[in-house]
Amino acid sequence: MGRSSLLLLFLISVSLAIITRSQTSNPQNITSINIGALYTYNSIIGRAARLAIELAVEDVNSDRTILPDTKLNLISRDTNCSAFLATIEALQVLEKNVVAIIGPQSSGGSHILSHVANSLQVPLVSFSATDPTLSSLEFPYFLRATQSDQYQMRAIADIVDFFQWREVTAIYVDDDYGRNGIAALGDELALRRAKISYKVGFAQAMDQTDITDLLLRVNLMESRVYVLHVNPDSGLTVFSVAQKLRMTGPGYVWIVTDWLAAVLDSNGFGLGYGYRSVDADPKVLNLIQGSILLRGHTPDSDLKKKFASRWRNKTGNTATGSNLNAYGLYAYDSVWLVAHAIDQYLKTNGNGINFSTDPRLHDVNGSALNLAILKIFYGGEGVLQNLLSTNFTGVTGQFQFGANRDLIRPAYDIINVVSTGPRLIGYWSNYSGLSVVSPEILYEKPQNLSGQSRRLYDVIWPGGTTKQRRGWVFPNNGQPLRIGVPNKASFKQFVSSGSNSKSNSNVSGFCIDVFNAAIKLLPYPVPCSFVLIGSGTDNPNYDHIINMVAQNELDAAVGDIAIVKNRTRIVDFTQPYVEAGLVIVAPVKHDSSGAWAFLKPFTLQMWCVIVVFFLFFGVVIWILEYRFNDHFRGPSRKQVSTMFWFSFSTMFFAHRQDIVSGLGRFVLIVWLFVVLIVTSSYTASLTSILTVQQLSFGIKGLDSLIASRDPIGYQVGKFTKNYLIEELNIPESRLVPLTTIEEYADALTRGPQGGGVAAIVDESPSIKIFLKSYCNFRIVGQEFTREGWGFAFQRDSPLAVDLSTAILTLSESGELQRIHDQWLNSHDGCSSEDTDIESIRLSISSFWGLFLLCGGVCFSALIIYFIKICVQFKKYNNRTSHTRENEALPGEKTLPCVNQTRRLTSLSSLKDLIKFMGTKEA
């Protein structure tokens, strides 16, 4: 048996020992039904709940539409803010055979009494126990007639996310209510990539001296966003101490749970309840000015307004601490909830209200305990189910439970306290998130939880300003940030040791200037101290520097530090300020031209196509000119030689034969245009081949690098080595560590045969610096990674976010480019352009459109020519058939007679056409 069970048994035993009156197990008189109420009379919540419950019982008993033949009999007990007394008072109430208990008021008391309720099957309906863990299946007879802190903490997390804070400090009362509420807040913040950086719990009875010590520790932390989750009766003490410590002034943010709204409403600042008391104490507002607080949202309705007016008439509208608050509204609706459930139970159950003894509880010989006095409510399960299924409209709006046994449509008012009093700046609901529109209106629209729909009215922060609070400061220990800087042996343009006159620091370089320029853009001072890592004679290990940041040996790291996967797991990086992908550099030399260098401008296919088109053009011109041009007539050998001579002489525009036909001239014009383009391209390509440097190495890119077995150089300390081994699976035996620029040049010059390397893999900014001094090397292939350099900070450091914004500002203003040009862009006569000969040679793909045009023109000319011949041939036949029957064709001695009726498609007619094409008379 656990400790809690023994405690519960002890409490039951004590209570039974003081109970002297025995009860009957006969059915209770249906005309009167007992319900209990447990709360602290002299408390902010209890004072409002007491009057609200009494008014609710009065209204139920006077309403004939519910429990018409039955009267509710209220049995109230004062728990005096004690879980122990709450248990004693609860047992005294239970011996009255109550069918339900309104309460308990506290979450701690609800935890204990829920075990009693489970055993005796008496439902507990609490109007103020907001501990999220009470919704557990462990407590089936506990019902929460108010909103769970699970939703309140979700609303606070949304507020934190809305203002882009990433860390908060939680100050809470160290009991079930406080601990479990803050645990729920931590879960909700984690979903939004935020966290509770520091938790501070204190006992309910802690005095001001202890609270002062607690807040002094809180003030040493970075976070200035405080979430205060305490009880209404002690919460203002925390604000009083914080004000003395100047923790409620500019730079601080206080987000307060709904207990403060209950305090304000009870003291006459009745925002939302139709009035503000003239006796409201202004000192309360002075303590909490600039705070953001939450209050359970209850829709405006006539029922609520009438109840508030009735309350004021009942209390006399005085600021006695007994004014209406949200918990009073929930207490009022709790009674109506129980009444509806009992009414439904009586209508469906004819056996009435019955209690039975528990055989496990019996008197022990020699003991004064009267265990049999406790009875099990026979209809407890039925009443519980009716409670869960009840749906009515109360002063708090629609009152209905969801599948998780919490009230549906949880919502909160978000209030900002200013000098004139509380002001509503928005709402939060589980349906729509943050909004300035009432949840009741949004319920009628499609759900929209996008970030664009979130909105709050301007907040007036502590100090009376509306300027956005950044929510954190540097720890109040007087120490500057420890900034680790790699002390390298080479590439000192990026970072190096030595005085920097602009920043008066012991380091300088491109990375340092970018960091200092970004720091100056921050709206707050950031004291920094640069710590050199490394001896300066060799390069330090960059992963080791990052680990020092992760292990709190450094606050940040600045230098040519690449943002890579394994590093982002342990630190946060800023926005990259320069691109730095990996590239391959290899040696180059002049490529000898060779005896056949003049053939290199065109590929083999291109040369073949050119020859074919020259022959084709000669044939076309011969066909078009044969009948009219004497240059293309004569013996067959002469015609062939003339045809080829004319065709190839056009390459140099040296043809001397005249073209007399119109079609021939048109084709010649197009062909000369083609020849002009081809010869010009050939000249340009040949010029490039004979004048530029050509690469002469085996490695032409990443694929050939991996496939080869030659040594590969890398810069010591960088991530390159791990990348080549882990990502590209290159054996470590092939990797050669290099440190200085001189070592780069020497290793590449000696090559694999001389003990050097075939290529070096490094980040592009470093390679560009190297190539400025050595022109015999070139970048080959493409950049095969896409990372950048950034500043490393400890996880969740707000400086990473602010410096990212500053880097973007530098980039947009052009200052980042100016710093880059100052350090990295000196005059350089070396070209890093890849001059692979294959990229210079021209292929058919570059000219297919041109050749298609030329071929189309030639074929079109031939078609037109043959059509014209056919027309002329037919006219000639028609004419000769009328003049003589058997006359030979011109130039022929024995041409057969051509009949007028013969068709052109006959074989003999085609022979005549061919012979006709060879004549000059047509």
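Since the model is a prediction, treat every value here as computed from it, not as a measurement. (Residues numbered from 1 in each chain as written. Predicted model: local features only at pLDDT ≥ 70, side-chain atom pairs only at ≥ 80, totals over all residues. Heavy atoms only, no water.)

S.K.: Whenever I open this one, the overall build of the chain confuses me. Can you help?
M.R.: A count of helical and extended segments in the chain gives 28 helices and 31 strands. Taking all contacts inside the chain whose residues are at least 6 apart in sequence as the whole, residues at least 24 apart take part in 73%. Taken as a whole, the chain presents about 42,100 Å² of accessible surface, with 54% of it coming from carbon and sulfur. (Helix = DSSP H or I, 4+ residues; strand = E, 2+ residues; numbered from the N terminus. Contact = heavy atoms within 4.5 Å. Areas by Shrake-Rupley, 256 points an atom, 1.4 Å probe, with all protein chains shown as cover.)

S.K.: Mind showing me how you'd approach a nonpolar patch on the surface here?
M.R.: There is a patch of nonpolar side chains on the surface, built from Val611, Leu615 and Phe648 and spanning about 210 Å² of accessible area. With respect to the helices, strands and loops of the structure, valine 611 is situated in helix H18 (residues 604-625). (Patch = residues over 30% accessible without salt bridge, like charges linked within 9 Å, V, L, I, M, F, W, Y side chains within 5 Å. Salt bridge = Lys/Arg side-chain N within 4 Å of Asp/Glu carboxyl O.)

S.K.: I keep staring at helix H25 (residues 798-813) and nothing clicks. Help me out?
M.R.: For the α-helix, the turn length of 3.6 residues means that residues three or four positions removed from each other point alike. Between the first and last C-alpha of H25 there are 23 Å, a value that for 16 residues agrees with the 22 Å anticipated at 1.5 Å per step. Buried residues of H25: Pro798, Leu799, Ala800, Leu803, Ser804, Ala806, Ile807 and Leu810, and no others. For H25, the secondary structure elements touched by its buried residues are strand E18 (481-486), helix H15 (510-520), strand E23 (571-573), strand E31 (792-794) and helix H26 (815-824). Remark: glycine 814 follows H25 within two positions and exhibits a positive phi of approximately 90°. (Expected span 1.5 Å × (residues − 1). Buried < 20%, exposed > 50% of the residue type's maximum accessible area, 1.4 Å probe, protein only.)

S.K.: How should the pairing of strand E25 (residues 582-587) be read in this particular structure?
M.R.: Remark: a regular strand shows side chains that alternate across the two faces of the sheet. Burial within E25 is extensive, with five of its six residues counted as buried. Where E25 and strand E28 (residues 759-763) come together, four bridges link them in antiparallel fashion. Within E28, the residue paired with leucine 582 across the bridge is glutamate 763. Where E25 and strand E29 (residues 777-780) come together, four bridges link them in antiparallel fashion. (Pairing = 2+ DSSP bridges.)

S.K.: Would you take a moment to explain the packing of helix H3 (residues 83-94) against helix H4 (residues 107-120) for this structure?
M.R.: Each pair of packed helices gets described by two things: the angle between the helix axes and the distance between those axes. Where H3 meets H4, the closest approach of the two axes is 9 Å, and the angle between their N-to-C directions is 25°. Between H3 and H4, the angle falls in the class roughly parallel. Pair H3 / H4 crosses with right-handed handedness. Within the contact between the two elements, H3 uses Ala83, Ala86, Thr87, Ala90, Leu91 and Leu94 and H4 uses Gly109, Ile112, Leu113, Val116 and Leu120. Of the residues contributing to the contact of H3 with H4, the split by class is nine nonpolar, two polar and no charged. (Axes fitted to C-alpha atoms, helices over the stretch in contact; angles between N-to-C directions. Parallel < 35°, antiparallel > 145°, perpendicular 65-115°, else oblique. Left-handed = near helix turned anticlockwise from the far one by under 90°. Nonpolar A, V, L, I, M, F, W, Y, C, P; charged D, E, K, R; others polar.)

S.K.: Please clarify how the sheet that holds strand E7 (residues 195-202) should be interpreted in this entry.
M.R.: Two orientations exist for strands paired in a sheet by backbone hydrogen bonds: parallel and antiparallel. Taken in spatial order, the eight strands make up an open sheet running E7-E6-E8-E9-E10-E15-E16-E17, and their pairing is mixed. Only two strands of the sheet have a single partner each, and these edge strands are E7 and strand E17 (433-435). Each strand of the sheet is rotated relative to its neighbour by a mean of 25°, with strand direction disregarded. Pairing analysis gives four bridges linking strand E6 (residues 167-173) to strand E8 (residues 225-229), with the strands arranged parallel. Across the sheet, tyrosine 172 pairs through a bridge with histidine 229, a residue of E8. Lying on the sheet, helix H7 (residues 208-219) is in contact with E6, E7 and E8; it crosses E7 at an angle near 170°.

S.K.: Sorry, what's going on with the environment of threonine 603 here?
M.R.: With respect to the helices and strands, the residue threonine 603 is situated in the loop between E25 and H18. Separated by 241 residues in sequence, threonine 603 and isoleucine 844 have C-alpha atoms that sit 7.8 Å apart.

S.K.: It is not clear to me how the confidence of the model for the chain should be interpreted in this structure. Could you clarify?
M.R.: The predicted structure's coordinates, where accompanied by low pLDDT, should not be read in detail. Across the chain, pLDDT averages 82, with 81% of residues at or above 70. Taken together, the stretch residues 1-7 has pLDDT below 50 and engages in one contact with residues farther than four places along the chain or on a different chain. Low confidence marks residues 884-907, where pLDDT is under 50. Its contacts with residues over four positions away, or in another chain, come to 31 contacts. (pLDDT = per-residue confidence, 0-100.)

S.K.: Even after reading the chapter, I still don't get the sheet that holds strand E2 (residues 71-78), so can you show me in this structure?
M.R.: Strand order in the open sheet formed by five strands is E2-E1-E3-E4-E5, with parallel pairing between adjacent strands. The open sheet has two edge strands with one neighbour each: E2 and strand E5 (142-144). Across two bridges, strand E3 (residues 101-102) lies against strand E4 (residues 124-126) in parallel orientation. Residue pairing for E4: isoleucine 102 is matched across the bridge by valine 125.

S.K.: Would you mind showing me how to read the pattern of salt bridges here?
M.R.: Close approach of charged atoms lets side chains of opposite charge pair. For the coordinates displayed, the defined rule picks out 28 salt bridges. With its nearest N and O atoms 2.5 Å apart, the salt bridge here joins arginine 310 to aspartate 59. You can see arginine 310 sitting in helix H11 (residues 302-315) and its partner aspartate 59 sitting in helix H2 (residues 44-62), a full 251 residues away along the chain. Aspartate 343 serves as the salt-bridge partner of lysine 347, at 3.1 Å between the closest nitrogen and oxygen. Residue lysine 347 and its partner aspartate 343 are both found in helix H12 (residues 326-348); the two are separated by four residues, about one turn of the helix. According to the relative accessible area criterion, lysine 347 is exposed, its value standing at 58%.

S.K.: It is not clear to me how unusual backbone geometry should be interpreted in this structure. Could you clarify?
M.R.: Trans is the common state for peptide bonds, and a negative phi is the common state for residues other than glycine. The omega angle of the peptide bond from glycine 103 to proline 104 is 0°, so this bond is cis rather than trans. Along the chain, proline 104 turns up in the loop between E3 and H4. One non-glycine residue, glutamine 164, adopts positive backbone phi at about 60°. Examined against the element boundaries, glutamine 164 turns out to sit in the loop between helix H5 (149-162) and E6. Residue classification places glutamine 164 among the exposed residues on the basis of a relative accessible area of 65%. Backbone geometry at arginine 193 places phi at a positive 60°, although glycine is not the residue there. Note on placement: arginine 193 falls in the loop between helix H6 (176-190) and E7.

S.K.: So what exactly am I meant to see when it comes to the packing of helix H8 (residues 232-244) against helix H9 (residues 259-266) here?
M.R.: Following both chains from N to C, one finds H8 and H9 inclined at 100°, their axes separated by 9 Å at the closest point. By the angle between their directions, the pair H8 and H9 is classed as roughly perpendicular. On H9, the residues that touch Pro232, Gly235, Leu236 and Phe239 of H8 are Trp259, Leu260 and Val263. Taken together, the residues of the contact of H8 with H9 break down into six nonpolar, one polar and no charged.

S.K.: What should I look at first to understand the pairing of strand E9 (residues 253-256) in this one?
M.R.: Burial of E9 is two-sided: the residues Val253 and Ile255 facing one way and the residues Trp254 and Val256 facing the other way are all buried. In this structure, E8 lies alongside E9, joined through four bridges in parallel fashion. Within the sheet, the bridge partner assigned to valine 227 lies in E9 and is isoleucine 255. With respect to chirality, the unit in which E8 leads through H8 into the neighbouring parallel E9 is right-handed. Pairing analysis gives two bridges linking E9 to strand E10 (residues 292-296), with the strands arranged parallel. Bridge pairing in E10 places valine 256 opposite leucine 293. (Right-handed = clockwise from strand over helix to strand, strands pointing away.)

S.K.: What am I meant to see in H3 here?
M.R.: Relative to the 16 Å expected for twelve residues at 1.5 Å per residue, H3 spans 16 Å between its end C-alpha atoms, a close match to the ideal helical length. The complete set of buried residues in H3 reads Ala86, Thr87, Ile88, Glu89, Ala90, Leu91, Val93 and Leu94. Its side-chain oxygen 3.3 Å from the backbone nitrogen of phenylalanine 84, serine 82 forms the N-cap of H3. (Polar contact = N/O pair within 3.5 Å; in protein donor to acceptor, adjacent residues only side chain to side chain.)

S.K.: It is not clear to me how the environment of isoleucine 561 should be interpreted in this structure. Could you clarify?
M.R.: Relative to the assigned elements, isoleucine 561 resides in the loop between strand E22 (556-557) and helix H17 (565-568). The class of isoleucine 561 is buried, set by a relative accessible area of 1%. Residues in contact with isoleucine 561, not counting those within four places in the same chain, are Tyr542, Ile546, Arg567, Phe573, Gly788, Trp789 and Gly790.

S.K.: What exactly am I supposed to notice about the packing of aromatic side chains here?
M.R.: In this description, an aromatic ring pair is defined by two values, namely the gap between the centres and the angle between the planes. Scanning the entire structure with this criterion turns up 30 aromatic pairs. With a centroid separation of 5.5 Å and 65° between ring planes, the pair formed by tyrosine 744 and phenylalanine 770 is classed as edge-to-face. Of this pair, tyrosine 744 sits in helix H23 (residues 741-750) while phenylalanine 770 is found in helix H24 (residues 764-773), placing the two residues 26 residues apart along the sequence. Each member of the pair tyrosine 744 and phenylalanine 770 is classed as buried. Ring pairing ties together the aromatic residues Phe491, Phe494, Tyr744, Phe770, Tyr774, Phe777 and Trp789, which thus form one cluster. Here the basic side chain of arginine 470 rests over the ring of tyrosine 524, its NZ or CZ set 3.9 Å away from the ring centre. (Phe/Tyr/Trp six-rings, centres within 6.5 Å; stacked < 30°, edge-to-face > 60°. Lys NZ or Arg CZ within 6 Å of the ring centre and 35° of its normal.)

S.K.: I would appreciate a short explanation of the side chain of serine 107 in the present structure.
M.R.: One can find serine 107 in helix H4. Owing to a relative accessible area of 4%, serine 107 belongs among the buried residues under this scheme. Within the structure, the side chain of serine 107 is placed 3.4 Å from the backbone nitrogen of threonine 130, a separation counted as a polar contact. Every residue in contact with serine 107, bar those within four places of it in the chain, is listed here: Ala129, Thr130, Asp131, Leu134 and Tyr177.

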